[in-house]
Amino acid sequence: MIESENIIDIRNDFPILNRKIHGKPLIYFDNAASNQKPMQVLDAITNYYANDYSNIHRGVHTLSQLGTTKYEEVRDKVKDFINASKREEIVFTKGTTDGLNLLANSLGKTFLKKGDQVLISTLEHHSNIVPWQMICEVTGASLQIIPISRAGEINVDAYIEMLNDKVKIVSINHISNTLGTINPIKKMIKLAHKKNIITVIDGAQAVAHKEVNMQDLDADFYVFSAHKLFGPTGVGVLYGKERYLEKIPPYQGGGDMINQVSFEKTSYNDLPYKFEAGTPNIAGVVGLGAAIDYVNEIGLKNIEEIESELLQYATEKLNALPFVNLFGTAKQKAAVISFIVKDAHPYDVGTLLDGMGIAVRTGHHCTQPLMDFYKIPGTIRASFAMYNSIEEIDRFIAGLIKVKSML
Amino acid sequence: MAKMDSIEKEIIEDFELFDEWMEKYEYLIDLGKDLPKMDEDLKTDRNIVKGCQSRVWLHSSLEKDKVLFTADSDALITKGIVSLLVRALSGRTANEILNHPLGFIEKIGLKEHLSPNRANGLVSMVKKMKAYALIHAS
């Protein structure tokens with residue numbers, strides 16, 4: 001059982017949770033889109049700008065060196081957080097989408113040719129579909145889609161059959177943003193590696209909710225965003241095995257990513273800087289470091305426990321409502337619930353819940369092919385974080401009953 | 001223009017009855033439910049309004065010099081909003097429609113409550129109605 005005192009302590013770290021929306025206390029159930037920021041993260045960013053700010057790398061003055069140290073310390077922190085083997089394997093990006101675009105481009109140029117295949121699943125977010133479609137168009141490779149069951153689970157048998165000699169890359173999400181399905185990525189990575197296929201994992205929905213260990217998973221690449229890890233927007237992480245990062249070309253050119261530049265020929269910087277062109281989001285990286293400290297302090301095991309209790313409680317309560325249909329009933333699920341209210345448009349439901357101070361997401365959740373699979377235009381999605389409470393779920397359920405009576 | 005203003009005034013007065021956010025939306029839902037049914041044949045791709053989270057259809061026809069609008073949506077709140085636009089603009093000449101400032105939208109406190117998504121939808125609806133008027137004017 002969740003100790004309510006612990007939840008209150010956690011809630012106190014998040015100033016936005018005291019906000020009122022339309023005169024009602026905010027209930028924030030849109031954590032899969034982005035979660036809120038604790039004071040510790042806000043303070044780290046403010047302090048950095050107020051006291052330590054300047055541009056980093058190559059500066060001889062004190063502030064530049066201080067900033068460089070802070071920035072590079074976060075790289076070590078990320079390395080430990082996901083248990084990567086080397087700091088050179090941690091590349092800072094703008095976010096998950098940026099990381100996936102980098103990989104589609106740089107892996108595509110190196111490994112894809114006409115007739116090759118890239119495998120993704122029906123569950124993917126548009127950001128793990130469109131970059132691959134774009135590079136397939138350029139290279140003449142084709143995108144193949146791993147089917148899922150009605151419950152929203154990847155069909156692993158079908159996946160095994162799809163792993164033929166033409167497949168060069170498999171790119172799947174760790175956790176589905178729309179349904180919450182936790183995919184069996186460790187098994188899928190192992191199966192791909194048996195055939196020497198490169199594996200890319202979109203970890204956007206995973207990092208704030210469960211422990212992620214690169215040595216255990218053995219993914220070749222793993223990408224995520226800071227803003228879904230209680231950190232700031234506009235910064236993310238790309239983990240890649242060193243031997244692959246060495247082999248693939250840079251994605252963007254500019255300052256910081258070079259060794260020597262002449263008009264005839266430019267040589268590139270060492271890892272990880274080869275992939276970090278231009279002045280990076282320094283304050284964002286500092287914020288990410290504070291977010292990782294924060295998550296470590298609470299402990300991902302505790303977070304997982306709180307969230308799984310919230311998920312179980314909300315699922316039971318929603319299942320008891322005769323006018324609600326749930327989508328995504330995988331055995332392994334993160335704290336994300338997609339549903340529809342019978343005979344009501346998700347937009348109406350979402351708008352009226354907002355009137356009660358309850359923030360949920362409605363629509364296709366950037367997974368239109370998944371909506372096509374279920375033959376629905378969209379769902380209402382409630383997604384939880386460790387600062388949410390059982391009382392909030394009760395108010396949400398009461399809100400839904402009221403909404404149903406209005407429509 | 002005077003006639004237009006009186007319709008706008010009416011709408012504004014209707015909304016002044018409500019203090020509570022929820023009441024306003026209940027009223028919009030009722031308006032949506034009351035909107036006359038749109039002929040299914042008119043729900044074509046040509047009549048669809050882009051930029052809304054819900055689907056919205058708008059159709060226009062010309063009767064003498066007056067432009068008549070019919071509309072529908074698969075979401076009730078959206079239907080209520082489009083019904084207000086139909087009420088304000090239907091039965092006017094093309095020129096009247098083109099010059100209509102539609103100031104009531106802001107006055108009834110809807111704009112501030114609509115998400116950017118939704119606000120874009122509203123803007124798209126108005127744009128579509130004015131585009132129809134332009135066709136009828138020429």
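Residues numbered from 1 in each chain as written. Chains lettered and ligands numbered in written order. Predicted model: local features only at pLDDT ≥ 70, side-chain atom pairs only at ≥ 80, totals over all residues.

**Focus: the overall build of chain B**
Then, in step 1: The helix and strand inventory of chain B stands at 6 helices and 3 strands.
Then, in step 2: The secondary structure elements of chain B, listed N-terminal to C-terminal, are α-α-β-β-α-β-α-α-α.
Then, in step 3: When burial is assessed residue by residue, chain B has 36% of its 138 residues classed as buried.
Then, in step 4: When contacts within chain B are restricted to residue pairs at least 6 apart in sequence, those whose partners lie at least 24 apart make up 65%. (Helix = DSSP H or I, 4+ residues; strand = E, 2+ residues; numbered from the N terminus. Buried ≥ 20, exposed ≤ 12 C-beta atoms within 10 Å, placed from the backbone. Contact = placed C-beta atoms within 7 Å.)

**Thoughts on the sheet that holds strand β13 (residues 324–327) of chain A**
Two orientations exist for strands paired in a sheet by backbone hydrogen bonds: parallel and antiparallel.
All names here are of chain A.
Then, in step 1: Taken in spatial order, the 4 strands make up an open sheet running β13-β14-β17-β16, and their pairing is antiparallel. The open sheet has two edge strands, β13 and β16 (361–363), and neither has a second partner. The mean angle between the axes of side-by-side strands here comes to 30°, regardless of whether they run parallel or antiparallel.
Then, in step 2: Contacting β14 (336–341), β16 and β17 (379–383), helix α12 (residues 346–355) crosses the sheet at an angle of about 160° to β16. (Pairing = 2+ DSSP bridges. Axes fitted to C-alpha atoms, helices over the stretch in contact; angles between N-to-C directions.)

**Overview of the sheet that holds strand β10 (residues 236–240) of chain A**
Residue and element names in this part refer to chain A.
Then, in step 1: Spatially, β4-β10-β9-β8-β7-β5-β6 is the arrangement adopted by the 7 strands of the open sheet, whose pairing is mixed. What marks the edges here is a single partner per strand, and that holds for β4 (90–93) and β6 (142–146). Averaged over all neighbouring strand pairs, the angle between strand axes comes to 20°, with direction disregarded.
Then, in step 2: With respect to the sheet, helix α5 (residues 130–139) is in contact with β5 (117–121), β6 and β7 (167–173), its orientation differing from that of β6 by roughly 145°.

**So, the interface of chain B and chain A**
Then, in step 1: Of the residues lining the interface, 12 residues belong to chain B; the matching set on chain A comes to 11 residues.
Then, in step 2: Elements with a minimum of two residues in the side of chain B that touches chain A: α2 (21–34) and α3 (76–89) of chain B.
Then, in step 3: Among the residues making up the side of chain B that touches chain A, the classes are represented as 7 nonpolar, 3 polar and 2 charged. (Nonpolar A, V, L, I, M, F, W, Y, C, P; charged D, E, K, R; others polar.)

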